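# Observations on the model geometry
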Amino acid sequence: MLASAFILGLLGSLHCVGMCGPIAFMLPVDRSNSFKKVSQISIYHFGRLLAYSIIGLVFGLVGKSFSLFGIQQQLSIVIGILMIVIVLLPQNIIGKYNLTKPLYKGISKVKSSLGKALKKKTADTFLTIGFLNGFLPCGLVYMAVFGSIATGSLLEGSIYMVLFGLGTIPLMTTAIYLGKFLNSTIKQRIQKAIPVFVVVIGLLFILRGLGLGIPYLSPAPVIEMASSAIECH
């Protein structure tokens, strides 16, 4: 399940380049010093990963609270269904129920702070830009957030989001160095692959919640495993 976070980030990073690409292109990196440039880009990515880890920690806590009530498996099934439904629903319907609208005031503050940070070249600039970048609204981040909730753990929720962020790094870094480097055909193929993979992840979460006793894929509930162990004794 954690591996799915990295692959989601890797496949979805084309979407990230489209959404956050302008920020990456505008990074005030030192183009005359290769080592300094790599360091600055690395700090920017670290800032994004830090933001994602905090998001994962918060939503992992939400998942943990559900697991304490003994409904983690049901939650995994619901999240899997939600991921599939969101992908299959037409965009105009999703647009009507934009959950980020109540957060617009906070998002505008983040964007304003990003704009100010992009004009600076101080030591903490790249960390600030990366950190703020991580909190910008993004459909794929929402998918990863669903995954972090389904882990039912603070630590695993945080790791899930960090792995998602790590998956976005290769393409985002390439975008910083090369700008627009993918032709339209490759972009279209990757864009078509993203929804398919999100559906696959959704199905994995549903299988996990069903507890069919399949090792790693759909493990049996802890209570069933414990009762089986008692019967063996």
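All values reported here derive from a predicted model rather than from experimental measurement.

### Some remarks on the overall build of the protein chain
What the protein chain contains, in helices and strands, is 10 helices and zero strands. Looking at the protein chain residue by residue over its 233 residues, the buried ones come to 39%. Just so you have it, the protein chain exposes about 13,000 Å², and 71% of that area is on carbon and sulfur atoms.

### Concerning the UniProt feature "transmembrane region" (unreviewed entry) in the protein chain
Under the local residue numbering, the UniProt record ascribes the feature "transmembrane region" (unreviewed entry) to residues 6–29, 49–69, 75–95, 126–147, 159–182 and 194–217. Helix and strand shares over residues 49–69 are 95% and 0% respectively, and the end C-alpha atoms of the span are 30 Å apart. The span residues 126–147 shows a helical share of 77% and a strand share of 0%, and its end C-alpha atoms are spaced 28 Å apart.

### With respect to the packing of aromatic side chains
If you walk through the whole model with that rule in mind, you get three aromatic pairs. Aromatic pair Tyr52 and Phe164: ring centres 5.7 Å apart, planes at 70 degrees, arrangement edge-to-face. Of this pair, Tyr52 sits in helix 2 (residues 34–68) while Phe164 sits in helix 8 (residues 154–178), and the two are 112 residues apart along the sequence. The buried category is assigned to Tyr52, whose relative accessible area is 4%. Judged by centre distance (5.1 Å) and plane angle (70 degrees), the rings of Phe131 and Phe135 are edge-to-face. The partly exposed category is assigned to Phe131, whose relative accessible area is 27%. In this structure Phe135 comes out as partly exposed when scored by relative accessible area, which is 33%.

### Points about the nonpolar core
Formed by 24 residues in total, the largest nonpolar core has its most connected members in Leu8, Ile79, Met83, Val141, Met161, Phe164 and Ile201. Contributing elements (two or more residues each) for this core: helix 1 (2–25), helix 2, helix 3 (72–88), helix 7 (139–151), helix 8 and helix 9 (184–210). A per-element tally of this core places helix 7 first, with eight residues. Those residues in contact with Val141 that lie beyond four places of it in its chain are Tyr52, Met161 and Phe164. Ile41, Tyr44, Ile129 and Leu136 belong to the second-largest nonpolar core, a separate cluster that totals 12 residues.

Calculation rules
- Residues numbered from 1 in each chain as written.
- Predicted model: local features only at pLDDT ≥ 70, side-chain atom pairs only at ≥ 80, totals over all residues.
- Heavy atoms only, no water.
- Helix = DSSP H or I, 4+ residues; strand = E, 2+ residues; numbered from the N terminus.
- Buried < 20%, exposed > 50% of the residue type's maximum accessible area, 1.4 Å probe, protein only.
- Areas by Shrake-Rupley, 256 points an atom, 1.4 Å probe, with all protein chains shown as cover.
- UniProt positions renumbered as here; feature names shortened; annotations may be inferred.
- Phe/Tyr/Trp six-rings, centres within 6.5 Å; stacked < 30°, edge-to-face > 60°.
- Core = buried A, V, L, I, M, F, W, Y, C linked by side-chain atoms within 4.5 Å.
- Contact = heavy atoms within 4.5 Å.

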